[in-house]
Amino acid sequence: MKNAHDYDAIWRGSGAAIWRAIYAYAGGRRDVADDAVAEAFARMMARGSAVREPEPYLYRVAFRVASAELARRGKETADMPEIASADPSANGLPDLLAALRELTPAQRAAVYLHYRADLPVREVAHITGMSSAAVRVHLMRGRRRLAELLGEEDD
């Protein structure tokens, strides 16, 4: 099978964003994010040119691998990631990560990809393998739940 992709360029261009999405999806479980993203890249490399759209493929596979790992583990709690208190952008981040853990995995994925990765609903649907309608429902429910957990109004 011919290799049609520049894996190094794909990693440099998308690797960090995919890892952050999976990290948020996994509720701050670094090991799940590391393993899922590595497995997604390994599977893409094994399939070679059979993968027509590398970035959506990587997101889908990484989300599925992470989902399977989270299901295998059950609802064990993860250690809170270290947040540098000197970083002004980290204000409220521990609360947000704790609140994200309370969302369903589909809600976490939709909320992160739409609001943090700034992807349109259609692209979130394509990446996650959901319909656009399902993504909108997960976004609405995720926003409501986050507002409830963080004590803010849903807007």
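Right, let's walk through the structure included here. As the structure is a prediction and not an experimental result, all values here were calculated from the model.

Applying the stated criterion to the full structure yields 6 salt bridges. Here Arg43 and Glu39 are joined by a salt bridge, their closest N and O atoms 2.8 Å apart. Here Arg43 pairs with Glu39, and both are found in helix H2 (residues 30-47), just 4 residues apart, close to one helical turn. Put simply, Asp31, Glu69, Arg72 and Arg73 are held in one network by salt bridges that share partners.

On to the packing of aromatic side chains. Inspection of every chain in the model, using the stated rule, returns 4 aromatic pairs. Ring centres of Tyr25 and Phe63 lie 4.9 Å apart, and the angle between their planes is 90°; on these two criteria the pair is classed as edge-to-face. Taken together, the residues span a long stretch of sequence, with Tyr25 in helix H1 (residues 7-25) and Phe63 in helix H3 (residues 54-73) at a distance of 38 residues. Under the relative-accessibility criterion, Phe63 is labelled buried at 6%.

Before going further, it helps to spend a moment on the nonpolar core. If you look at the biggest cluster of nonpolar residues, it comprises 44 residues, and the most contacted ones within it are Ile22, Met44, Phe63 and Leu113. Looking at this core, the elements that each hand over two or more residues are H1, H2, H3, helix H4 (93-101), helix H5 (105-116), helix H6 (121-128) and helix H7 (132-150).

This brings us to H5. Across its 12 residues, H5 extends 15 Å between first and last C-alpha, which sits within 8% of the 16 Å expected from 1.5 Å per residue. Buried within H5 are the following residues: Gln107, Arg108, Ala109, Ala110, Val111, Tyr112 and Leu113. Residue Asp118 follows H5 closely and has a positive phi angle near 60°.

Here the phi dihedral of Asp118 falls at roughly 60°; this positive angle occurs in a residue that is not glycine. By the secondary structure assignment, Asp118 is in the loop between H5 and H6.

Let us look at H7. A rise of 1.5 Å per residue sets the reference length of H7, with its 19 residues, at 27 Å; its end C-alpha atoms lie 26 Å apart and thus fit the reference within 8%. Within H7, burial applies to Val135, His138, Leu139, Gly142, Leu146 and Ala147. When H7 is viewed along its axis, its buried side chains cluster within an angular range of 160° and face the same direction.

What follows is about the packing of H5 against H6. Running from amino to carboxyl end, H5 crosses H6 at an angle of 135°, the nearest separation of the two axes being 9 Å. As the angle between them shows, H5 and H6 are arranged oblique. Pair H5 / H6 crosses with right-handed handedness. Of the residues in H6, those touching H5 at Ala109, Ala110, Leu113 and His114 are Val121, Val124, Ile127 and Thr128. Here the contact of H5 with H6 is built from residues that sort into 6 nonpolar, 2 polar and no charged.

Calculation criteria
- Residues numbered from 1 in each chain as written.
- Predicted model: local features only at pLDDT ≥ 70, side-chain atom pairs only at ≥ 80, totals over all residues.
- Heavy atoms only, no water.
- Salt bridge = Lys/Arg side-chain N within 4 Å of Asp/Glu carboxyl O.
- Helix = DSSP H or I, 4+ residues; strand = E, 2+ residues; numbered from the N terminus.
- Phe/Tyr/Trp six-rings, centres within 6.5 Å; stacked < 30°, edge-to-face > 60°.
- Buried < 20%, exposed > 50% of the residue type's maximum accessible area, 1.4 Å probe, protein only.
- Core = buried A, V, L, I, M, F, W, Y, C linked by side-chain atoms within 4.5 Å.
- Expected span 1.5 Å × (residues − 1).
- Arc of directions from axis to C-beta.
- Axes fitted to C-alpha atoms, helices over the stretch in contact; angles between N-to-C directions.
- Parallel < 35°, antiparallel > 145°, perpendicular 65-115°, else oblique.
- Left-handed = near helix turned anticlockwise from the far one by under 90°.
- Contact = heavy atoms within 4.5 Å.
- Nonpolar A, V, L, I, M, F, W, Y, C, P; charged D, E, K, R; others polar.

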